[in-house]
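# Analysis of the macromolecular model
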Amino acid sequence: MATGRTHRPATRSRGIPEATVARLPLYLRALTALSERSVPTVSSEELAAAAGVNSAKLRKDFSYLGSYGTRGVGYDVEYLVYQISRELGLTQDWPVVIVGIGNLGAALANYGGFASRGFRVAALIDADPAMAGKPVAGIAVQHTDELEHIIDDNGVSIGVIATPAGAAQQVCDRLVAAGITSILNFAPTVLTVPDGVDVRKVDLSIELQILAFHEQRKAGEDAAQDGGPPAPVSRAAAAAADRKGPDGDVPAVMPA
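Residues numbered from 1 in each chain as written. Predicted model: local features only at pLDDT ≥ 70, side-chain atom pairs only at ≥ 80, totals over all residues. Heavy atoms only, no water.

Next up on the list: helix α2 (residues 44–51). Among all positions of α2, only Ser 44, Leu 47, Ala 48 and Ala 51 are buried. Viewed end-on, α2 has its buried residues packed into an arc of 100 degrees, placing them on one side of the element. Exposed residues lying more than 90 degrees from the buried face of α2 are Glu 46, Ala 49 and Ala 50. If you follow the buried residues of α2, they end up packed against α1 (18–36), β1 (41–42), α3 (55–65), β2 (75–76) and α4 (77–87). Two residues or fewer after α2 comes Gly 52, characterised by a positive phi angle close to 80 degrees. (Buried < 20%, exposed > 50% of the residue type's maximum accessible area, 1.4 Å probe, protein only. Helix = DSSP H or I, 4+ residues; strand = E, 2+ residues; numbered from the N terminus. Arc of directions from axis to C-beta. Contact = heavy atoms within 4.5 Å.)

Put into structure tokens, the structure is as follows:
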């Protein structure tokens, strides 16, 4: 079983910061849209706006790739698509296994964007014996008893966990023991993995809570501008505000 501390991504060996790596897919998405419209070149300002970053940050990011553009012309769109795709490893085929074929896992299996971005769903795996053999997105679901053989037979290095939280760590341990070195985690829990294993977490509830925060703030600002009363506060929020946090007067923020 895999043990170790919670993984913290390190700076890439080629000297590209993690923050830059995280923005490369945003640039690639914007560049792909331009390419589909047959746009030959793009300025740093236009591309930065399309990717949602500032142009200075974009130019700095591209300097790590050795791309500086041409003054007065901008960046060659097709070349940048190739260059970023190569840097992200998307010029080769990446077999992926999805573990947990409930509603979320099935939705991921049916997502058509994987294949166009260099990822091939090699297998779907679930612990429910009743799911074994059932086709999802044209692929027969296999039982978790076969997990290690599936990974070995398909040369898989990327695993997707879409199980309930209680099963996620055990699945993670088995994936790592079978040779998986990159995991995309949709389960609402933090995974512990050994050094050398990369984990990316997608937590939809956290993203919604962040949006709720912004909505609440906007409602309060609108009320203040209108001169009306502040936005209503729920009983739970009022009760939480009355409790002191671990640092004194700051209320503790409890997860949902």
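Let's shift gears to the pattern of salt bridges. Here the structure, examined in full by the defined rule, presents six salt bridges. We note a salt bridge from Glu 45 to Arg 59, for which the minimum N-O separation is 3.6 Å. You can see Glu 45 sitting in helix α2 and its partner Arg 59 sitting in helix α3, a full 14 residues away along the chain. Across the pair Lys 201 and Asp 203 runs a salt bridge, and its minimum N-O distance is 3.5 Å. According to the relative accessible area criterion, Asp 203 is buried, its value standing at 12%. (Salt bridge = Lys/Arg side-chain N within 4 Å of Asp/Glu carboxyl O.)

Turning our attention to the environment of Tyr 64. Relative to the assigned elements, Tyr 64 resides in helix α3. Using a relative accessible area of 31% as the deciding quantity, one classes Tyr 64 as partly exposed. Residues Tyr 64 and Thr 20, 44 residues apart in the sequence, show an inter-C-alpha distance of 8.5 Å. Not counting residues up to four positions away in its chain, the partners in contact with Tyr 64 are Gly 15, Ile 16, Pro 17 and Thr 20.

Moving on, we get to the confidence of the model for the protein. Note: predicted coordinates in regions of low pLDDT should not be interpreted at a detailed level. In this model, the protein carries an average pLDDT of 84, and 83% of its residues clear a pLDDT of 70 or more. The spread of mean pLDDT over the elements of the protein runs between helix α10 (residues 235–242), the lowest at 48, and strand β6 (residues 139–143), the highest at 97. Contacts from residues 238–256, a stretch scored under 50 in pLDDT, to residues over four places away or in other chains number 12 contacts. (pLDDT = per-residue confidence, 0-100.)

Turning our attention to the packing of α1 against α3. Two elements in contact, α1 and α3, have axes whose closest approach is 11 Å; the angle formed by their N-to-C orientations is 105 degrees. Judged by the angle between their axes, α1 and α3 are roughly perpendicular. Of α3, the residues touching α1 (which contributes Thr 20, Arg 23, Leu 24 and Tyr 27) are Lys 57, Leu 58, Asp 61, Phe 62, Tyr 64 and Leu 65. In the contact of α1 with α3, the residues fall into six nonpolar, one polar and three charged. (Axes fitted to C-alpha atoms, helices over the stretch in contact; angles between N-to-C directions. Parallel < 35°, antiparallel > 145°, perpendicular 65-115°, else oblique. Nonpolar A, V, L, I, M, F, W, Y, C, P; charged D, E, K, R; others polar.)

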